2 protein chains.
Amino acid sequence: MLPGQPKWRRRKDARPGEIVAAALEVFAEKGFAAARLDDIAARAGVSKGALYLYFETKQDLFEAVVRDAISPNIAAVEAAAQAMDLPFAQVSRTLLVRAADMMSTSAIGPVAKMVIAESRNFPDLARVWHDAVVIRVLAVITGLIERAQARGEIRPGDPRFHALALIGPLLMGVLWREVLVPVGAEPLDLTALARQHIETALTGLLIEGAR
Amino acid sequence: MLPGQPKWRRRKDARPGEIVAAALEVFAEKGFAAARLDDIAARAGVSKGALYLYFETKQDLFEAVVRDAISPNIAAVEAAAQAMDLPFAQVSRTLLVRAADMMSTSAIGPVAKMVIAESRNFPDLARVWHDAVVIRVLAVITGLIERAQARGEIRPGDPRFHALALIGPLLMGVLWREVLVPVGAEPLDLTALARQHIETALTGLLIEGAR
DNA sequence: ACTAAATAACTGACCAGTCAGTTATCAATG
DNA sequence: CATTGATAACTGACTGGTCAGTTATTTAGT
């Protein structure tokens, strides 16, 4: 150990971000219960005690992770829906492909898995997810659908069901990647799935008058 | 304690089933890691030690639960697909509604959630699920789709994608019920979702020549 | 009497959260 | 331009509780 090299540095501003990033990794790998604070601390290059200088409890840290992983992306979705005045077919095409891209690149997949996994033992988390993500995304999509229905562009029917039918396959794809591929399932091109899905969703599986 | 009443009875045959049933409850409530063997034993009316007379480890018990919850239902799906020679529209209608019904009544929902939750820490489980459920269900559906495509009934396109698009919304609905409703989200009629979904999936969202 | 089912007390490992002590940093002082 | 305090960031060993898995012992059944 060189004498001039300090064992550690005081970096009050940088710590929280680094800790949250490390926590995201570990939580995504292990889930909430199995994640060890010692691991998170080690990856953040910090001692366990330091975590408690910035976060009150493990769950507090978990919630910070969820919020951080969410907020940048949710804004992007709402902004993308500003292209609302185009015909529904076009809006939905760009929206779905963009969503697929987001789910491929961002941490949303692992975080979603995490929320599903821990929802029973940590309902607060599921509530955060519901209020901050699900409600808002669903509101954007049902809004688009209702307006398109009013314009006579798309069929009647519960807009909420339509919305779930639109994003359901993407969620399916994400879970396929997160859960099954690591275990040996065939990989999946999420964007290709999104492209094919939106086309058939718009025009239907059936060819012409096949009842 | 009455002297004539034995404290317990030897019931070698009945125990495993009772233990698995109790384990299903507790695992579904808490997830794998948070489930305590003492709880499971108590619900099965047995001591913790007795569990180890019938199952080697906690994970062993978990796998037994998954297998038990799965096998009856998977057979039903494959049997239902014996109605294969009807037009695709009809087969898919009955199949999807039946699947929705199954997901509402059986333990598949909670078990699926469980598998998703614990897949990283217990990959063996995800593998069991993949091999015993996903592969088989997907094979049935892609088979139907390929034949319908060959007959010119439905559009070309990757049958696997079509299949995922068909069941994705159901999975979405199940997770909605399992994760979000307990936390305050609006309830969801899974069968109604399935009905509306299959109709629009077949004929498309767009009304006539709206591009 | 004997066997095997079942119990209940026990062990050992693990880990979230705590806290007394250590050390970097910086402002004040000479 | 040192030197000295004062402060707050940070450490790491420790604690208390939990729980999977084990085992010595008790009890049912034949």
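As a reminder, the structure under discussion sits directly above these lines.
Reading the values: rules and limits
- Residues numbered from 1 in each chain as written.
- Chains lettered and ligands numbered in written order.
- Predicted model: local features only at pLDDT ≥ 70, side-chain atom pairs only at ≥ 80, totals over all residues.
- Heavy atoms only, no water.
- Helix = DSSP H or I, 4+ residues; strand = E, 2+ residues; numbered from the N terminus.
- Contact = heavy atoms within 4.5 Å.
- Least-squares fit on C-alpha atoms with pLDDT ≥ 70 in both.
- Core = buried A, V, L, I, M, F, W, Y, C linked by side-chain atoms within 4.5 Å.
- Buried < 20%, exposed > 50% of the residue type's maximum accessible area, 1.4 Å probe, protein only.
- Salt bridge = Lys/Arg side-chain N within 4 Å of Asp/Glu carboxyl O.
- Buried area = accessible area lost by both parts, 1.4 Å probe.
- Polar contact = N/O pair within 3.5 Å; in protein donor to acceptor, adjacent residues only side chain to side chain.
- Nonpolar A, V, L, I, M, F, W, Y, C, P; charged D, E, K, R; others polar.
- Near = heavy atom within 4 Å.

What follows concerns the environment of Leu86(B). Residues and elements named next belong to chain B. As for its position among the elements, Leu86 is in the loop between helix 4 (58–80) and helix 5 (88–105). Residues Leu86 and Ala148, 62 residues apart in the sequence, show an inter-C-alpha distance of 9.9 Å. When sequence neighbours within four positions are dropped, the list of residues in contact with Leu86 reads Val91 and Arg151.

Mapping between the two copies of the chain is achieved by a rotation about an axis and a shift along the axis. Under the fitted operation, chain A is carried onto chain B by 0.0 Å of movement along the axis and a turn of 180°, and the coordinates agree to an RMSD of 0.1 Å. Within this description, the copies of the chain are treated as partners about a two-fold rotation axis. The residues that chain A uses at the interface reappear at the interface of chain B in 100% of cases, marking a shared surface.

Let us now look at the nonpolar core. Among the nonpolar cores identified, the biggest contains 158 residues, and Phe27(A), Trp129(A), Phe27(B) and Trp129(B) are the most heavily contacted of them. In contact with Trp129(B), other than residues within four places in its own chain, are Val66(B), Ile70(B), Ile108(B), Val111(B), Ala112(B), Val115(B) and Val134(B).

This model, assessed by the stated rule, comprises 23 salt bridges over all chains. Between Glu29(A) and Arg43(A) there is a salt bridge, and its shortest N-O distance comes to 3.1 Å. Within this pair, whereas Glu29(A) is found in helix 1 (residues 15–30), its partner Arg43(A) is found in helix 2 (residues 37–43), the two being separated by 14 residues in sequence. For Glu29(A), a relative accessible area of 32% gives the class partly exposed. Note on Arg43(A): relative accessible area 40%, which makes it partly exposed. In this structure, Glu78(B) engages Arg136(B) in a salt bridge whose closest nitrogen and oxygen atoms are separated by 3.0 Å. Of the two residues, Glu78(B) sits in helix 4 while Arg136(B) sits in helix 7 (residues 123–150), which places them 58 residues apart along the sequence. The class of Glu78(B) is partly exposed, set by a relative accessible area of 28%.

Turning our eyes to something else, we now look at the interface of chain A and chain B. Contact residues are listed per partner, giving 62 residues for chain A and 62 residues for chain B. In total, about 5900 Å² of surface goes out of reach between chain A and chain B, with carbon and sulfur atoms giving 66% of it. Between Arg120(B) and Glu178(A) there is a salt bridge, with the nearest N and O atoms lying 3.5 Å from each other. Along the contact surface separating chain A from chain B lie 28 residue pairs in polar contact (both at pLDDT 80 or more). Taken together, the elements giving at least two residues each to the side of chain A that touches chain B come down to helix 1, helix 5 (88–105), helix 6 (108–118), helix 7 (123–150), helix 8 (159–180) and helix 9 (190–203) of chain A. The element contributing the most residues to the side of chain A that touches chain B is helix 8 of chain A, with 16 residues. A per-class count over the side of chain A that touches chain B returns 36 nonpolar, 12 polar and 14 charged.

Residue and element names in this part refer to chain A. On the secondary structure map, Ile198 appears in helix 9. Judged by its relative accessible area of 1%, Ile198 falls in the buried class. Discounting chain neighbours no more than four positions away, the residues touching Ile198 are Ser92, Arg93, Leu96 and Leu166.

The subject of this paragraph is the protein's contact with DNA strand D. Around DNA strand D, the structure places 24 residues, and the nearest of them are Arg10(A), Arg15(A), Ser47(A), Tyr54(A) and Arg36(B). Per the 4 Å cut-off to the protein, sugar and phosphate atoms form 61% of the nearby atoms of DNA strand D. Between a phosphate oxygen of DNA strand D and a side-chain N or O atom of Tyr54(A), the distance comes to 2.3 Å. Arg10(B) places a side-chain nitrogen or oxygen 3.3 Å from a base nitrogen of DNA strand D. Elements with a contribution of two residues or more to the surface near DNA strand D: helix 3 (48–54) of chain A together with helix 3 (48–54) of chain B. Broken down by class, the residue content of the surface near DNA strand D amounts to 10 nonpolar, three polar and 11 charged.

Let us look at the protein's contact with DNA strand C. Taken together, 24 residues sit near DNA strand C, with Arg36(A), Arg10(B), Arg11(B), Ser47(B) and Tyr54(B) positioned nearest. Looking at DNA strand C alone, sugar and phosphate atoms form 63% of those within 4 Å of the protein. A distance of 3.0 Å is found between a phosphate oxygen of DNA strand C and a side-chain nitrogen or oxygen belonging to Lys7(A). No other element matches helix 3 of chain B, which puts four residues into the surface near DNA strand C. Tallied by class, the residues present in the surface near DNA strand C amount to 10 nonpolar, three polar and 11 charged.

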